[in-house]
2 protein chains.
Amino acid sequence: MSSTPSLASSLDLTTDVVSLTAALVDIESVSLAEQSIADAVEAALGALPHLQVLRRGNTVVARTELGRGERVVVAGHLDTVPVNDNLPSRLDADAGLLHGLGTCDMKGGDAVILRLAATVPEPVRDVTYVLYEGEEIDAEYNGLQHLSQSDPHLLEADFAILMEPSNAVVEAGCQGTLRVEVRTTGERAHSARSWRGVNAIHGAGEVLARLNAYEARRPVIDGLEYHEGLNAVFIRGGVAGNVLPDECVVEVNFRFAPDRSEAEAEQFVREFFEGFDVRLTDTAPGALPGLDRPAAKAFVEAVGGTVNPKFGWTDVARFTALGVPAVNFGPGDPMLAHKQEEFVPVAQVEHCERTLRAWLTEGGEA
Amino acid sequence: MSSTPSLASSLDLTTDVVSLTAALVDIESVSLAEQSIADAVEAALGALPHLQVLRRGNTVVARTELGRGERVVVAGHLDTVPVNDNLPSRLDADAGLLHGLGTCDMKGGDAVILRLAATVPEPVRDVTYVLYEGEEIDAEYNGLQHLSQSDPHLLEADFAILMEPSNAVVEAGCQGTLRVEVRTTGERAHSARSWRGVNAIHGAGEVLARLNAYEARRPVIDGLEYHEGLNAVFIRGGVAGNVLPDECVVEVNFRFAPDRSEAEAEQFVREFFEGFDVRLTDTAPGALPGLDRPAAKAFVEAVGGTVNPKFGWTDVARFTALGVPAVNFGPGDPMLAHKQEEFVPVAQVEHCERTLRAWLTEGGEA
């Protein structure tokens, strides 16, 4: 936590994108300990005369200022989940896989960002590169969130790409998420005289019956089919082994398609559990795909046309909240994120770099 | 925990039963700290020439050896639940209530035992008085249980009375108790892609549905109507707020009438939850009322005829396991046991003493 200079790792942005991924992986950067990697990123980008570089905490922003008619954001987080005996990186050249903590989530994407920043000095659309801290932990530490509050103008853009792992396929929009506690109450009684009480766990039977009868809505938005879900994620109740419990709490997570607002989603859940005590504990909005925007259309064409809906919640929703349509597009299988054995296919990292380079150089302004 | 002599509390067994109750209450005797009270009880009983007194741990046994044709046990535990700002005792003479920790559970009953032991030197049936330790905590500390293993001959009898609070009414037999864990399993998945998993909490809906459909059996045994009960006492499940849980456990307590054995009760529960993973965690047998035995009949007549079934499990079942029919008959409302505000009605303590004295002196041998 010292602010005195340390032996800084240095990054060579002229090397190939896979070597650069490995170099980034080998700078340990668990959440809340991103100073070394942010120092290295800031130093490498600061050496490039065509970029304006700023730093906020351990978040680094680099912008071209070419006066283009469009501006796009390309962003990735620098932090990882905790080390789990999976450092340093290890390249399996035969299989074409780079193994190690953060290879998938998401230093492969970060390497693509740094390569583009270094090697496309005159993109056809102005670019804001954002490499940020604190994504893998509570939202209060999220560097993108901080930036949206401290310097919202830095995130102004027509379109944003978040390089979260998506198997190098565009994932557009994201579903919202909301959590409620559905609570049943009863009256305690000794279980030997159970007719004197009311069992709150038994009362939760109806809550589970409704969940079992739930049918998921699958709306199509901008040509993408979303898939909602309503699930109990926790259940708890009980006082003692010989007592009828007077309270049972079912924690329910609703994942809702981005055509519903948070308020609409809450209303749906309250109506679904009508007659029960429903308390909202957590909510985050979805993000519409926004594929009708010119920059988005051009991007999808450059990538090759395949677009999937994003089911999970990601930071694309933060861009949507700022009025910036955003998609995920990064190397790596999202199902491998946070797994000890995570890896990234070399071909996907290279594909992402190639595709984005084409979009930033060959694609015309819309 | 020292075994060196301490300033012993002394008990005056010639005083009235209510003053003696107060004196017992004022010797603090939370479970595992019964030495002082056991010392006082042993000293008081040891001074009586008509009794043979033995001690095992902090359990005191006193027996008449008159060669009567029948022997009965009269038993009470000496320990209490923890102190909760409810010592020393306090007599409300106007209301006729003695307040304080253990007044109800069960030093009122203990005082009756000591008064009978001291003042009925030649009972018409031989009596074994047992004042024992460790009833309010795990069964491994139970003094009656210890005695049944170390000196089972000391508990041989035709009938036993446990002076547990029962509002000075005979409660006969007791229901058995059994606990099982009913477990559902599923497959974890991210809640944003819930169709890829199987939610184990939702699977528990059927367990709760069956519990809600349960109809309690109410068999009549020896003229007493029992009342079974099948209740969830705990439920737990959940991995994280964004994960479909792969396990949910419902802990179920079955209280069964004493016409079922433990094995039959287990079979009932396994059939009730057929199709689910059912694990037996805990079981204790019920006790039949045994009101057809001569000593029991004479006792019920002496008390005045009102007999209720005992729904909760008590140490009467330990006597039944030894082949000794047993009933509860003690002063105090069992619903007040373990409550901070516990008290005992003076009239009930006096009634119990009077009734038992009559049974031990006037009633002829059967």
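Here we summarise the structure given alongside this text. Since the model is a prediction, treat every value here as computed from it, not as a measurement. Residue positions are counted from 1 within each chain, in the order its sequence is given. Chain labels run from A onward and ligand labels from 1 onward, assigned in the order the entries are written. At least 70 in pLDDT is required for a residue's local features to be given in this predicted model, at least 80 for side-chain atom pairs to be given and counted, and no such filter applies to totals for whole chains, interfaces and linings, which use all residues. Side-chain calculation: all heavy atoms of the structure are included, whereas hydrogens and water are not.

### Digging into helix 7 (residues 262-272) of chain B
Residue and element names in this part refer to chain B. Stated formally: Burial here depends on accessible area, computed with a 1.4 Å probe over protein chains only, as a share of the maximum for the residue type. Under 20% is buried, over 50% is exposed, and the range in between is partly exposed. Every helix listed is a DSSP run of H or I at least four residues long, and every strand listed is a run of E at least two residues long, numbered separately from the N terminus. Summarising the geometry, the arc corresponds to the directions from the helix axis toward the C-beta atoms. In what follows, residue pairs with any heavy atoms lying within 4.5 Å of each other are defined as contacts.
Where helix 7 is concerned, the buried positions are Ala265, Val269 and Phe272. One face of helix 7 carries all of its buried residues, which in axial projection span an arc of 60 degrees. For helix 7, exposure combined with an orientation more than 90 degrees from the buried face picks out Ala263 and Glu271. If you follow the buried residues of helix 7, they end up packed against strand 9 (176-185), helix 6 (205-213), strand 13 (229-238) and strand 15 (247-256).

### A short note on the packing of helix 6 (residues 205-213) of chain A against helix 6 of chain B
What counts here: Fitting a line to C-alpha atoms yields each axis, with helices limited to the stretch in contact; the angle taken between N-to-C directions then spans 0 to 180 degrees. Oblique is the label for every angle not falling under 35 degrees (roughly parallel), over 145 degrees (roughly antiparallel), or within 65 to 115 degrees (roughly perpendicular). Handedness of each helix crossing follows the sense of rotation of the near helix against the far helix: counterclockwise by less than a right angle gives left-handed, clockwise gives right-handed.
Their axes nearest at 8 Å, the elements helix 6 of chain A and helix 6 of chain B cross at an angle of 135 degrees. With respect to helix 6 of chain B, the axis of helix 6 of chain A lies oblique. Judged by the sense of rotation from one axis to the other, the crossing of helix 6 of chain A with helix 6 of chain B is left-handed. Only Gly205(B), Leu208(B) and Asn212(B) of helix 6 of chain B make contact with helix 6 of chain A, whose side of the interface consists of Gly205(A), Leu208(A) and Asn212(A).

### Notes on the packing of aromatic side chains
Aromatic ring pairs are reported here in terms of the distance separating the ring centres and the angle at which the planes meet. The condition that has to hold: Any pair of Phe, Tyr and Trp rings, taking the six-membered ring for Trp, is counted once the centres come within 6.5 Å. Such a pair is stacked with planes under 30 degrees apart, edge-to-face with planes over 60 apart, and tilted for the rest. Two limits define a charge over a ring: the Lys NZ or Arg CZ must be within 6 Å of the ring centre, and within 35 degrees of the ring normal.
Counted according to the given criterion, the structure contains 20 aromatic pairs over all chains. Taking 5.4 Å as the distance between ring centres and 85 degrees as the angle between the ring planes, the aromatic pair formed by Phe299(B) and Phe329(B) counts as edge-to-face. Taken as a pair, Phe299(B) in helix 8 (residues 294-303) and Phe329(B) in the loop between strand 18 (326-328) and strand 19 (343-345) lie far apart in primary sequence, 30 residues in all. Of the residues examined, Phe299(B) reaches a relative accessible area of 0% and is grouped as buried. On the accessibility criterion, Phe329(B) (0% relative accessible area) is buried. The structure contains a cluster of three or more aromatic residues connected by ring pairs, namely Tyr214(A), Phe254(A), Phe256(A), Phe268(A), Phe272(A) and Phe273(A). If you follow Arg260(A) out to its NZ or CZ, it ends over the ring of Phe268(A), 4.6 Å from the centre.

### Some points on the sheet that holds strand 19 (residues 343-345) of chain A
Residues and elements named next belong to chain A. To keep things clear, this is the line we draw: Here, strands pair whenever DSSP counts at least two bridges between them.
Read from one edge to the other, the open sheet built from three strands follows the order 4-5-19, with strand pairing classed as antiparallel. With partners counted over all chains shown, the strands left at the sheet margins are strand 4 (90-92) and strand 19, one partner each. Strand-to-strand twist in this sheet, taken as the mean axis angle between neighbours without regard to direction, amounts to 20 degrees. The strands touched by helix 3 (residues 103-119) are strand 5 (97-99) and strand 19; relative to strand 19, the strand with the most contacts, the crossing angle is about 50 degrees. Across the face of the sheet, helix 10 (residues 346-361) comes into contact with strand 4, strand 5 and strand 19 while running at roughly 60 degrees to strand 19.

### Comments concerning the relation of the copies chain A and chain B
Here the second copy of the chain follows from the first by a rotation about an axis and a shift along it. We apply this condition: Copy-to-copy superposition: least squares on the C-alpha atoms, limited to residues that have pLDDT of at least 70 in both copies.
The transformation that overlays chain A on chain B combines an axial shift of 0.1 Å with a rotation of 180 degrees, and the residual RMSD is 0.1 Å. With respect to symmetry, the two chain copies, as superposed, fit the operation of a two-fold axis. Closest approach to the rotation axis among the C-alpha atoms of chain A is made by Arg236(A), whose C-alpha sits 2.3 Å away. Looking at the interface residues of chain A, 100% of them are also at the interface in chain B, so both copies use one shared face.

### Digging into the interface of chain A and chain B
What counts, and what does not: Accessible surface is computed with a 1.4 Å probe, and the buried area is the amount of it that two parts give up when combined, taken over both parts together. Whenever a nitrogen or oxygen atom comes within 3.5 Å of another N or O atom, the pair is scored as a polar contact, on the condition that within protein one atom can donate a hydrogen and the other can accept it, and that pairs from neighbouring residues in sequence are kept only if both atoms are in side chains.
Contacts between the two partners involve 42 residues from chain A and, on the opposite side, 42 residues from chain B. Three residues, Trp195(A), His202(A) and Ile235(A), lead the burial of chain A against chain B; their summed loss comes to 18% of the area buried on that side. Inspection of the chain A/chain B interface yields 18 residue pairs in polar contact (both at pLDDT 80 or more). The set of elements that each furnish at least two residues to the side of chain A that touches chain B consists of helix 5 (200-203), helix 6, strand 13 (229-238), strand 14 (243-244) and strand 15 (247-256) of chain A. Counting residues per element, the side of chain A that touches chain B draws most heavily on strand 13 of chain A, which supplies 10 residues. Bridge count between strand 13 of chain A and strand 13 of chain B: five bridges; the pairing is antiparallel. Its bridge partner lying in strand 13 of chain B, Phe234(A) is registered against Gly238(B).

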